[in-house]
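Residues per chain are reported as follows:
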Amino acid sequence: MNERTEARAALKSMLATLDRFDAVVEDAVTISDSAIAVVHTGRQNRALFVFAKLIAHCLSVMAIFEKYQGSPEGETLLDHFSVATLGRAIIDASLMTKYISEPSLTANEWDLRRQILYLHDLTTRKRFLTAIELAGQPRDTSFFENYAAAKEKLKSKIEDLSAKLGYEPERAEKFNNGQLVFIDGSRGAAREAGWNVDVFEFQQSYLSNWVHSYPVSFMRVDEQEISFSNPSHYQFSLCETVLETSIGYLDDVNARMRLFTGSAEADPVGPFE
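Model, not experiment: these values are computed from the prediction. Sequence order sets the numbering: in each chain, residues are counted from 1 along the sequence as written. Owing to the predicted nature of the model, reporting of local features is limited to residues with pLDDT of at least 70; listing and counting of side-chain atom pairs is limited to 80 or more, with chain, interface and lining totals taken over all residues. Values reported for side chains reflect all heavy atoms of the structure, with hydrogen atoms and water molecules removed beforehand.

1. Overview of the overall build of the protein chain
Then, number 1: Numbering of helices and strands runs from the N terminus, with a helix taken as a DSSP run of H or I at least four residues long and a strand as a DSSP run of E at least two residues long. Along the protein chain, the regular secondary structure elements total 9 helices and 0 strands.
Then, number 2: Seen in sequence order, the protein chain has helices and strands lined up from the N terminus as α-α-α-α-α-α-α-α-α.
Then, number 3: In terms of its C-alpha atoms, the protein chain occupies a principal-axis envelope of roughly 65 × 50 × 35 Å.
Then, number 4: With a 1.4 Å probe rolled over the protein chains alone, any residue whose accessible area is under 20% of its type maximum counts as buried; one over 50% counts as exposed, and the rest are partly exposed. Within the span of the protein chain, comprising 273 residues, buried residues form 44% of the whole.
Then, number 5: Throughout, a contact is declared for two residues whenever any of their heavy atoms are within 4.5 Å. Considering only intrachain contacts with a sequence separation of at least 6, the fraction spanning at least 24 residues in the protein chain is 78%.

2. Observations concerning the packing of aromatic side chains
Then, number 1: Only Phe, Tyr and Trp rings are paired, with Trp represented by its six-membered ring, and only when their centres lie within 6.5 Å; those with planes under 30 degrees apart are stacked, over 60 edge-to-face, the remainder tilted. Counting across every chain of the model gives 10 aromatic pairs.
Then, number 2: Ring geometry for Phe 202 against Tyr 206: centres 5.7 Å apart, planes inclined by 15°, an arrangement best described as stacked. Here Tyr 206 and Phe 202 lie together in helix H8 (residues 197-211), a separation of 4 residues that amounts to about one turn.
Then, number 3: Residue Tyr 206 is classed as partly exposed on the basis of its relative accessible area of 25%.
Then, number 4: Plain terms: the ring middles of Tyr 206 and Trp 210 are 5.0 Å apart, the flat faces sit at 70° to each other, and that makes the pair edge-to-face. Placement of the pair is Tyr 206 and Trp 210 together in helix H8, with a separation of 4 residues, close to one helical turn.

3. Examining the nonpolar core
Then, number 1: Phe 21, Phe 51, Leu 54, Phe 65, Leu 250 and Met 257 are the most contacted members of the largest nonpolar core, which totals 68 residues.
Then, number 2: Elements represented by at least two residues in this core include exactly helix H1 (3-34), helix H2 (42-69), helix H3 (80-100), helix H4 (107-134), helix H5 (141-164), helix H7 (185-193), H8 and helix H9 (233-260).
Then, number 3: For this core, the element with the most residues is H2, which contributes 12 residues.
Then, number 4: When residues no more than four places from it in sequence are discounted, the contact partners of Phe 65 are Met 14, Leu 18, Leu 78, Val 83, Cys 239 and Leu 243. To qualify as a nonpolar core, a set must consist of buried Ala, Val, Leu, Ile, Met, Phe, Trp, Tyr and Cys residues joined through side-chain atoms within 4.5 Å.

4. Looking at the packing of H4 against H5
Then, number 1: Where H4 meets H5, the closest approach of the two axes is 9 Å, and the angle between their N-to-C directions is 155°. When the axes of H4 and H5 are compared, the pair comes out roughly antiparallel. Relative to H5, H4 is oriented so that their crossing is left-handed.
Then, number 2: When its residues are assigned to classes, the contact of H4 with H5 shows 13 nonpolar, 5 polar and 8 charged. Between the N-to-C directions of two axes lies an angle of 0 to 180 degrees, each axis being a line fitted to C-alpha atoms and, for a helix, fitted only over the stretch in contact. An angle below 35 degrees is read as roughly parallel, one above 145 as roughly antiparallel, one from 65 to 115 as roughly perpendicular, and any other as oblique. Crossing handedness is defined as follows: a turn of the near helix away from the far one that is anticlockwise and smaller than a right angle gives a left-handed crossing, while the clockwise case is right-handed. Nonpolar residues are Ala, Val, Leu, Ile, Met, Phe, Trp, Tyr, Cys and Pro. Charged residues are Asp, Glu, Lys and Arg, and all others, Gly as well, are polar.

Written out as structure tokens, the structure is:
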């Protein structure tokens, strides 16, 4: 079987998977739309926003395929680079949506997660605002005037909640470093989500090569017969892999959000500021 024959077979398979992807995305949009104008808790609203971000990534993937399918033969561009990059973003948004919406959390457990997220946001803003100031931009005076007090307030809340929840002081100290996003790391969050942690880690680390333009994403372009006008078997296969991966994560998140939204009562923690 020559390359073009293999490519046609791979294209047919990819398009069949794309149809399934479209259906799962449509389901997600329906769930998201049904939450509009409904009163939700703060936790639900945060989960819904990340869910909307997840849907936006999926719609961007669909737009890439629509552009490809709408172009004349020989003038097509199947941007597998961006499909892979968005695939990684889909995994990350799926993880955060499930992390925020975890139904087993108590009020204190959710509050601790929330304060850690606030702290990460604060310290990250400090890093890039410091960098842009060093690059010659005006100082964000209001931010830096309040930074130290805001950080100490968050750290105090984290220490208090950690003590209430029985965490050792050494663990609480790690919660307060400003670098932590998930309380048990991304592997812990994936495990809590009910995912196969090894598969998750492979998918996340593999697709990160396209996010960062690392060697895996470009060192074998000749061998893979990458073409911007006539996509190769490899390009179709990579895209199908991303679509299949995304279907699994999005379908799982859809199931969670269908149960977690629709009314404030669907959040086990209840109203929380």
